[in-house]
Amino acid sequence: MVNAASRAGVTVSVLLAAHFAFTWLSNIRSSAQHSEYYSPEQSCFCHLTGVLDDCFCDIESIDVFNNFKIFPKMRQLIERDYFRYYKVNLKRPCPFWPDDGHCSIKDCHVEPCPESKVPVGIKAGNYNKYSEAANKMKEMEDCVQANQLGAINSTLSNQTKEAFVDWARHDDAQDHFCELDDETSPNAEYVDLLLNPERYTGYKGSSAWRVWNSIYEENCFKPRSVYRPLNPLAPGRAGEGFYKWLEGLCLEKRVFYRLISGLHTSINIHLCAQHLNIEVFGKAKWGPNVKEFQHRFIETKGEGTRRLKNLYFLFLIELRALSKVASYFERSIVDLYTGNSQEDAVTKELLLQVLNEAKAFPMHFDEKSMFAGHKMEAKSLKEEFRLHFKNISRIMDCVGCSKCRLWGKLQTQGLGTALKILFSEKEIKNLPENSPSKGFQLTRQEVVALLNAFARLSTSIKELHNFRNLIQNKR
């Protein structure tokens, strides 16, 4: 009887505790929803949580992993010389409609980097890859033309020379998901990414909307009768009908839309986090703009939450690519060559730390579920997927703001490189240790774009944490 009474007492205590906990949570939700500054949509953002669609990972795990493990390392990595210089052609004409002319706002301008400031090892590798040996191969080819080959022959074996010749001549355009700039073009210039940061420039309006509208309406595997939510060119037509259509797509096409939406979301977060807030005595002050963030992600009738989840989904895709390509960079042949051996050693060590963190993440997206159907149908769908994304990379040449074009091209190329990696698993597994492989290669531009693009996603998730604190502090 005593034991039964004790058990009854424990049961009553548990029920009372549960009752008080439920009442406490209800009061918190009620006060939050009725707060002058804390609408239901704000509450939804501040408690963005749960498992993402099309994968088995939850938002909380990504937040902890990114903010405390990989973000600090990524910030250090992209400040290294190898990753800060990006060669790009910002003068390529728009291939789809008459050029509107470039943005005249001063903050749209990109300041090219004089070649004298670019590390000698990077300049020497324009037409090759990124290791010291590859740059020696370029020197060797130059000497062949000058009948001075003997001075370099002693540095490379015949087998290695043949491998590098094959490497330099290898045309892997069929594996590219992006329209790559011709680095030999006289219009291609080096840009110091640290001196030209991505931030709000004032570029907006019909020109900016036309770029994103073309991306969504013409390249996301959708019929023209189905309108994207909050499409400015089709007011009042957004709604659940779009998502019913989207959810009816096959996994591959659904993933494609989510990648583009995630990229768009990430770019918008950067613009909100580095917004021109005030200008005093001609000097601009950049920082987070909560009002702009709320406009883009909270005052959206719930649409902002979908967009933010797509950002996390894109983060997982690119994180998976980093984990898959780790063995490629772990080889001794890869030096991340700048000409400064001490700098190169530190850079590679940082990169390997990032890649090891990526490999250790326990809830990766499973890309094997994609293109896994009938062989011919899967091959056709993969090619369609590639061509759609390549078309989007070409649209980036239609962006009127030079700084927006720079970062749009870089992040698109980074995502395209990630997709190339994910669909090259067999080739990566068969890489030789001490020589390049004909089956899978990455140019230096692809490497720089891949890591900088992922750093942008990592920064976006970190900025979400900052905006969440700013909004909660307004209560």
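Everything numeric here is computed off the predicted structure, so don't read it as measured data. (Residues numbered from 1 in each chain as written. Predicted model: local features only at pLDDT ≥ 70, side-chain atom pairs only at ≥ 80, totals over all residues. Heavy atoms only, no water.)

Asker: Tell me what's going on with the overall build of the chain, and back it up with residues and numbers.
Answerer: Helix and strand counts for the chain come out as 18 helices and four strands. Burial analysis of the chain (475 residues in total) assigns 52% to the buried set. When contacts within the chain are restricted to residue pairs at least 6 apart in sequence, those whose partners lie at least 24 apart make up 80%. (Helix = DSSP H or I, 4+ residues; strand = E, 2+ residues; numbered from the N terminus. Buried < 20%, exposed > 50% of the residue type's maximum accessible area, 1.4 Å probe, protein only. Contact = heavy atoms within 4.5 Å.)

Asker: Describe the pattern of salt bridges, naming the residues involved and giving the relevant values.
Answerer: Pairing between side chains becomes possible if they bear opposite charge and their charged atoms approach one another. Enumeration over the complete set of coordinates arrives at 18 salt bridges. Arg 296 serves as the salt-bridge partner of Glu 292, at 2.8 Å between the closest nitrogen and oxygen. Remark: Arg 296 and Glu 292 occur in helix H12 (residues 290–297); sequence separation between them is four residues, near one turn of the helix. For the salt bridge of Arg 320 with Glu 367, the shortest nitrogen-to-oxygen distance reads 2.8 Å. Within this pair, whereas Arg 320 is found in helix H13 (residues 303–330), its partner Glu 367 is found in the loop between helix H14 (341–360) and helix H15 (375–395), the two being separated by 47 residues in sequence. Of the two residues, Arg 320 and Glu 367, both sit in the buried class. (Salt bridge = Lys/Arg side-chain N within 4 Å of Asp/Glu carboxyl O.)

Asker: Outline the UniProt feature "binding site: FAD" (unreviewed entry) in the chain, supporting the account with residue identities and numerical values.
Answerer: The positions UniProt marks with the feature "binding site: FAD" (unreviewed entry) are Arg 199, Thr 201, Trp 212, Ser 261, His 264 and Arg 296. With respect to the helices and strands, the residue Thr 201 is situated in the loop between strand S2 (188–192) and helix H9 (206–219). In this structure, Thr 201 is in contact with Ile 105, Asp 107, Cys 108, Cys 401, Lys 403 and Cys 404, ignoring residues within four places of it in sequence. Within the fold, Trp 212 resides in helix H9. Assessed through its relative accessible area of 14%, Trp 212 is described here as buried. (UniProt positions renumbered as here; feature names shortened; annotations may be inferred.)

Asker: If you had to explain H14 to someone new, which residues and values would you point to?
Answerer: Along its 20 residues, H14 runs 28 Å from first to last C-alpha, staying within 8% of the 28 Å computed at 1.5 Å per residue. Every buried residue belonging to H14 is among Glu 343, Asp 344, Thr 347, Lys 348, Leu 350, Leu 351, Val 354, Leu 355, Glu 357 and Ala 358, and all of these are buried. Contact partners of the buried residues in H14: helix H3 (59–77), helix H4 (81–84), H13 and helix H18 (444–473). Its side-chain oxygen placed 3.1 Å from the backbone nitrogen of Gln 342, Asn 340 serves as the N-cap of H14. (Expected span 1.5 Å × (residues − 1). Polar contact = N/O pair within 3.5 Å; in protein donor to acceptor, adjacent residues only side chain to side chain.)

Asker: Give a description of the packing of helix H11 (residues 251–273) against helix H16 (residues 402–422) that names residues and reports values.
Answerer: Between H11 and H16, whose axes approach to 11 Å, the crossing angle comes to 145 degrees. Relative to H16, the crossing made by H11 is right-handed. Contacts from Leu 259, Leu 263, Ser 266, Ile 267 and His 270 in H11 reach Gln 411, Thr 412, Leu 415 and Leu 419 in H16. Across the contact of H11 with H16, the residue classes tally to five nonpolar, four polar and no charged. (Axes fitted to C-alpha atoms, helices over the stretch in contact; angles between N-to-C directions. Left-handed = near helix turned anticlockwise from the far one by under 90°. Nonpolar A, V, L, I, M, F, W, Y, C, P; charged D, E, K, R; others polar.)

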